[in-house]
Amino acid sequence: MIKITTFLTIVLVLMVLFLLAGGVGVYLLVKLGKKATKKARKVTERVASQVAAMDPGQAGETERMRLDLRKEVSLTRQAVDQALQAGWGLGDLPRLVAEIGVHADQLDGQLALYARHSRSSAYVDHASLGRLREHHAKLTTSCARIRADLLNDQMTHSANGIDDIRDRTDLEIEARRRAPDPLDEIDELYRRTAVPRFPDDDRRSDHR
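Every value quoted in this text rests on a predicted model; they were computed, and no experiment measured them.

## Brief notes about the overall build of the protein chain
Step number 1: When helices and strands are tallied, the protein chain shows six helices and zero strands.
Step number 2: Counting across all 208 residues of the protein chain, residues that qualify as buried make up 18%.
Step number 3: Partitioning the contacts of the protein chain with sequence separation of at least 6, the portion at a separation of at least 24 is 69%.
Step number 4: Carbon and sulfur atoms form 61% of the exposed surface of the protein chain, whose accessible area is close to 16,600 Å².

## Here we look at the nonpolar core
Step number 1: In this structure, Leu 90 and Leu 150 are the most contacted members of the largest nonpolar core, which totals 21 residues.
Step number 2: For this core, the secondary-structure elements that each account for two or more residues are α2 (58–85), α3 (93–120) and α4 (126–176).
Step number 3: Per-element accounting of this core gives the leading share, seven residues, to α3.
Step number 4: Those residues in contact with Leu 150 that sit more than four places away from it in its chain are Ala 79, Val 80, Ala 83, Trp 88, Leu 90 and Leu 93.

## Regarding the packing of α2 against α4
Step number 1: In the contact formed by α2 and α4, the axes pass within 9 Å of each other and the chain directions differ by 20°. The pairing of α2 with α4 is recorded here as roughly parallel in orientation. Remark: the crossing between α2 and α4 carries left-handed chirality.

## Describing α2
Step number 1: Its 28 residues place the ends of α2 41 Å apart at the C-alpha level, agreeing with the 40 Å of an ideal helix rising 1.5 Å per residue.
Step number 2: Looking at the residues trailing α2, positive phi occurs at Gly 87, about 80°.

## A look at a nonpolar patch on the surface
Step number 1: Together, Ile 10, Val 13, Leu 14, Val 16, Leu 17 and Leu 20 make up a nonpolar patch on the protein surface, roughly 560 Å² of accessible area in all.
Step number 2: Along the chain, Val 16 turns up in helix α1 (residues 2–52).

## Some points on the pattern of salt bridges
Step number 1: Going through the model one piece at a time under the given rule, you end up with 11 salt bridges.
Step number 2: Linking Arg 66 and Glu 63 is a salt bridge whose minimum nitrogen-to-oxygen distance equals 3.2 Å. Placement of the pair is Arg 66 and Glu 63 together in helix α2, with a separation of three residues, close to one helical turn. Both residues of the pair, Arg 66 and Glu 63, count as buried.
Step number 3: Arg 95 serves as the salt-bridge partner of Glu 99, at 2.6 Å between the closest nitrogen and oxygen.

Parameters at a glance
- Numbers given to residues run from 1 along each chain, matching the order in which its sequence is written.
- Reporting in this predicted model follows two pLDDT cut-offs: at least 70 for local features of residues, and 80 or more for side-chain atom pairs to be given and counted; totals over whole chains, interfaces and linings ignore these cut-offs and use all residues.
- The basis for every side-chain value is the complete set of non-hydrogen atoms in the structure, without hydrogens or water.
- Secondary structure elements follow DSSP: runs of H or I of four or more residues count as helices, runs of E of two or more count as strands, with numbering from the N terminus.
- The buried label goes to any residue with under 20% of its type's maximum accessible area, the exposed label to any with over 50%, and the partly exposed label to all in between, with areas taken from a 1.4 Å probe on protein chains only.
- Any two residues whose heavy atoms approach within 4.5 Å are treated as being in contact.
- Accessible surface is estimated by sampling points in the Shrake-Rupley manner with a 1.4 Å probe; for residues, cover comes only from the protein chains shown.
- Take the buried Ala, Val, Leu, Ile, Met, Phe, Trp, Tyr and Cys residues and link them wherever side-chain atoms come within 4.5 Å; each set so joined is a nonpolar core.
- Working convention: axes come from line fits to C-alpha atoms, limited for helices to the stretch in contact. Angles between N-to-C directions cover 0 to 180 degrees.
- Convention used here: angles under 35 degrees read as roughly parallel, angles over 145 as roughly antiparallel, angles from 65 to 115 as roughly perpendicular, and any remaining angle as oblique.
- Working rule for handedness: look at the near helix, and if it is turned counterclockwise from the far one by less than a right angle, call the crossing left-handed; if clockwise, right-handed.
- Each residue after the first adds 1.5 Å to the expected span of a helix.
- For patch detection, residues must exceed 30% relative accessible area and be free of salt bridges, and they are connected within 9 Å for like charges or within 5 Å for nonpolar side chains (Val, Leu, Ile, Met, Phe, Trp, Tyr).
- Salt bridges are defined as contacts in which a side-chain nitrogen from Lys or Arg sits within 4 Å of a carboxyl oxygen from Asp or Glu.

What follows is the structure, encoded as C-alpha coordinates:
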(Lines give C-alpha, C1' and ligand atoms only; values in the text may rest on other atoms or scores of the structure.)
Protein backbone atom coordinates (compact mmCIF):
# COMPACT_ATOMS: atom_id res chain seq x y z
CA MET A 1 0.00 0.00 0.00
CA ILE A 2 2.84 2.34 0.87
CA LYS A 3 4.56 1.58 -2.44
CA ILE A 4 1.37 2.38 -4.38
CA THR A 5 0.96 5.67 -2.52
CA THR A 6 4.58 6.62 -3.21
CA PHE A 7 4.15 5.77 -6.87
CA LEU A 8 0.99 7.88 -7.14
CA THR A 9 2.75 10.78 -5.43
CA ILE A 10 5.63 10.60 -7.89
CA VAL A 11 3.19 10.48 -10.80
CA LEU A 12 1.29 13.51 -9.49
CA VAL A 13 4.51 15.47 -9.00
CA LEU A 14 5.63 14.64 -12.52
CA MET A 15 2.24 15.69 -13.90
CA VAL A 16 2.40 19.00 -12.00
CA LEU A 17 5.92 19.64 -13.31
CA PHE A 18 4.81 18.77 -16.82
CA LEU A 19 1.86 21.15 -16.58
CA LEU A 20 4.10 23.90 -15.22
CA ALA A 21 6.60 23.39 -18.03
CA GLY A 22 3.79 23.41 -20.55
CA GLY A 23 2.36 26.60 -19.07
CA VAL A 24 5.73 28.33 -19.19
CA GLY A 25 6.23 27.15 -22.77
CA VAL A 26 2.83 28.48 -23.83
CA TYR A 27 3.53 31.81 -22.10
CA LEU A 28 6.86 32.18 -23.89
CA LEU A 29 5.30 31.27 -27.23
CA VAL A 30 2.53 33.82 -26.75
CA LYS A 31 5.05 36.50 -25.74
CA LEU A 32 7.27 35.76 -28.72
CA GLY A 33 4.23 35.73 -30.97
CA LYS A 34 3.17 39.17 -29.74
CA LYS A 35 6.67 40.56 -30.32
CA ALA A 36 6.79 39.04 -33.80
CA THR A 37 3.33 40.41 -34.59
CA LYS A 38 4.27 43.87 -33.34
CA LYS A 39 7.49 43.86 -35.36
CA ALA A 40 5.67 42.62 -38.47
CA ARG A 41 3.06 45.36 -38.04
CA LYS A 42 5.78 48.01 -37.84
CA VAL A 43 7.48 46.65 -40.95
CA THR A 44 4.17 46.58 -42.79
CA GLU A 45 3.38 50.16 -41.78
CA ARG A 46 6.85 51.29 -42.85
CA VAL A 47 6.53 49.63 -46.25
CA ALA A 48 3.03 51.05 -46.69
CA SER A 49 4.32 54.55 -45.87
CA GLN A 50 7.15 54.23 -48.37
CA VAL A 51 4.75 53.10 -51.07
CA ALA A 52 2.29 55.89 -50.23
CA ALA A 53 5.13 58.43 -50.33
CA MET A 54 5.52 57.77 -54.03
CA ASP A 55 2.16 59.46 -54.66
CA PRO A 56 2.82 62.77 -56.44
CA GLY A 57 -0.18 64.45 -54.77
CA GLN A 58 -0.58 66.05 -51.36
CA ALA A 59 -1.17 62.69 -49.71
CA GLY A 60 2.24 61.61 -50.95
CA GLU A 61 3.77 64.84 -49.69
CA THR A 62 2.45 64.26 -46.18
CA GLU A 63 3.74 60.67 -46.25
CA ARG A 64 7.16 61.92 -47.28
CA MET A 65 7.08 64.39 -44.40
CA ARG A 66 6.28 61.51 -42.04
CA LEU A 67 9.25 59.49 -43.29
CA ASP A 68 11.56 62.51 -43.11
CA LEU A 69 10.42 63.35 -39.57
CA ARG A 70 10.97 59.80 -38.34
CA LYS A 71 14.45 59.74 -39.86
CA GLU A 72 15.45 63.07 -38.29
CA VAL A 73 14.23 62.09 -34.83
CA SER A 74 15.90 58.68 -35.05
CA LEU A 75 19.26 60.16 -36.10
CA THR A 76 19.08 62.73 -33.31
CA ARG A 77 18.33 60.09 -30.69
CA GLN A 78 21.27 58.03 -31.89
CA ALA A 79 23.58 61.05 -31.70
CA VAL A 80 22.47 61.82 -28.14
CA ASP A 81 22.84 58.18 -27.06
CA GLN A 82 26.37 58.04 -28.47
CA ALA A 83 27.28 61.26 -26.66
CA LEU A 84 25.90 59.90 -23.40
CA GLN A 85 27.88 56.68 -23.82
CA ALA A 86 31.02 58.77 -24.40
CA GLY A 87 30.41 60.53 -21.08
CA TRP A 88 29.79 64.01 -22.46
CA GLY A 89 27.94 66.52 -20.35
CA LEU A 90 24.71 67.18 -22.27
CA GLY A 91 22.78 69.05 -19.62
CA ASP A 92 19.04 69.09 -20.37
CA LEU A 93 19.53 67.98 -23.97
CA PRO A 94 18.32 64.34 -23.53
CA ARG A 95 15.03 65.52 -22.00
CA LEU A 96 14.65 68.04 -24.82
CA VAL A 97 15.12 65.30 -27.41
CA ALA A 98 12.52 63.20 -25.59
CA GLU A 99 10.04 66.09 -25.82
CA ILE A 100 10.81 66.46 -29.51
CA GLY A 101 10.00 62.77 -29.91
CA VAL A 102 6.62 63.25 -28.23
CA HIS A 103 5.74 66.16 -30.52
CA ALA A 104 7.01 64.21 -33.51
CA ASP A 105 4.69 61.32 -32.69
CA GLN A 106 1.76 63.70 -32.45
CA LEU A 107 2.66 65.35 -35.74
CA ASP A 108 3.09 61.93 -37.36
CA GLY A 109 -0.47 61.03 -36.40
CA GLN A 110 -1.77 64.35 -37.75
CA LEU A 111 0.08 63.84 -41.03
CA ALA A 112 -1.30 60.31 -41.34
CA LEU A 113 -4.84 61.61 -40.76
CA TYR A 114 -4.40 64.36 -43.34
CA ALA A 115 -3.02 61.90 -45.87
CA ARG A 116 -5.96 59.57 -45.30
CA HIS A 117 -8.44 62.41 -45.77
CA SER A 118 -6.62 63.57 -48.91
CA ARG A 119 -6.91 60.12 -50.47
CA SER A 120 -10.59 59.71 -49.61
CA SER A 121 -11.91 63.21 -50.29
CA ALA A 122 -11.62 65.65 -53.17
CA TYR A 123 -11.69 68.63 -50.81
CA VAL A 124 -8.33 69.58 -49.33
CA ASP A 125 -7.74 71.93 -46.40
CA HIS A 126 -4.75 73.92 -47.62
CA ALA A 127 -4.52 75.93 -44.39
CA SER A 128 -4.08 72.77 -42.32
CA LEU A 129 -1.44 71.50 -44.73
CA GLY A 130 0.46 74.77 -44.36
CA ARG A 131 0.46 74.46 -40.57
CA LEU A 132 1.60 70.84 -40.81
CA ARG A 133 4.48 71.91 -43.03
CA GLU A 134 5.43 74.62 -40.54
CA HIS A 135 5.43 72.21 -37.59
CA HIS A 136 7.41 69.68 -39.60
CA ALA A 137 10.03 72.29 -40.50
CA LYS A 138 10.41 73.43 -36.88
CA LEU A 139 10.90 69.92 -35.53
CA THR A 140 13.29 68.77 -38.24
CA THR A 141 15.31 71.99 -37.96
CA SER A 142 15.60 71.52 -34.20
CA CYS A 143 16.86 67.97 -34.75
CA ALA A 144 19.42 69.15 -37.31
CA ARG A 145 20.70 71.89 -34.98
CA ILE A 146 21.10 69.44 -32.10
CA ARG A 147 23.09 67.03 -34.28
CA ALA A 148 25.25 69.84 -35.61
CA ASP A 149 26.07 70.97 -32.06
CA LEU A 150 26.93 67.42 -31.01
CA LEU A 151 29.11 67.00 -34.09
CA ASN A 152 30.95 70.20 -33.20
CA ASP A 153 31.56 68.85 -29.69
CA GLN A 154 32.81 65.59 -31.16
CA MET A 155 35.27 67.40 -33.43
CA THR A 156 36.49 69.45 -30.45
CA HIS A 157 37.12 66.30 -28.42
CA SER A 158 38.87 64.69 -31.38
CA ALA A 159 41.05 67.77 -31.95
CA ASN A 160 42.16 67.75 -28.32
CA GLY A 161 43.04 64.07 -28.57
CA ILE A 162 44.94 64.59 -31.83
CA ASP A 163 46.94 67.49 -30.35
CA ASP A 164 47.79 65.34 -27.32
CA ILE A 165 48.99 62.52 -29.60
CA ARG A 166 51.17 64.93 -31.58
CA ASP A 167 52.81 66.31 -28.42
CA ARG A 168 53.42 62.83 -27.06
CA THR A 169 54.87 61.76 -30.41
CA ASP A 170 57.34 64.66 -30.36
CA LEU A 171 58.39 63.80 -26.81
CA GLU A 172 58.82 60.12 -27.62
CA ILE A 173 60.91 60.81 -30.72
CA GLU A 174 63.07 63.25 -28.78
CA ALA A 175 63.57 60.70 -26.00
CA ARG A 176 64.60 58.00 -28.47
CA ARG A 177 67.38 60.09 -29.99
CA ARG A 178 70.92 59.04 -29.01
CA ALA A 179 72.41 61.18 -26.28
CA PRO A 180 75.43 63.15 -27.62
CA ASP A 181 78.92 61.91 -26.65
CA PRO A 182 80.75 64.53 -24.50
CA LEU A 183 84.06 63.76 -26.30
CA ASP A 184 82.44 64.44 -29.67
CA GLU A 185 81.12 67.74 -28.37
CA ILE A 186 84.58 68.73 -27.12
CA ASP A 187 86.16 67.79 -30.45
CA GLU A 188 83.55 69.75 -32.35
CA LEU A 189 84.06 72.77 -30.11
CA TYR A 190 87.84 72.58 -30.67
CA ARG A 191 87.45 72.50 -34.44
CA ARG A 192 85.21 75.55 -34.33
CA THR A 193 87.54 77.61 -32.14
CA ALA A 194 90.90 76.58 -33.65
CA VAL A 195 92.64 79.34 -35.74
CA PRO A 196 93.75 78.02 -39.15
CA ARG A 197 97.38 78.61 -40.16
CA PHE A 198 98.09 80.03 -43.62
CA PRO A 199 101.32 79.93 -45.73
CA ASP A 200 101.90 83.67 -45.18
CA ASP A 201 102.15 83.05 -41.48
CA ASP A 202 104.96 80.50 -42.11
CA ARG A 203 106.97 82.95 -44.27
CA ARG A 204 106.75 85.67 -41.64
CA SER A 205 108.04 83.29 -39.02
CA ASP A 206 111.03 82.31 -41.31
CA HIS A 207 112.08 85.97 -41.91
CA ARG A 208 112.12 86.57 -38.23
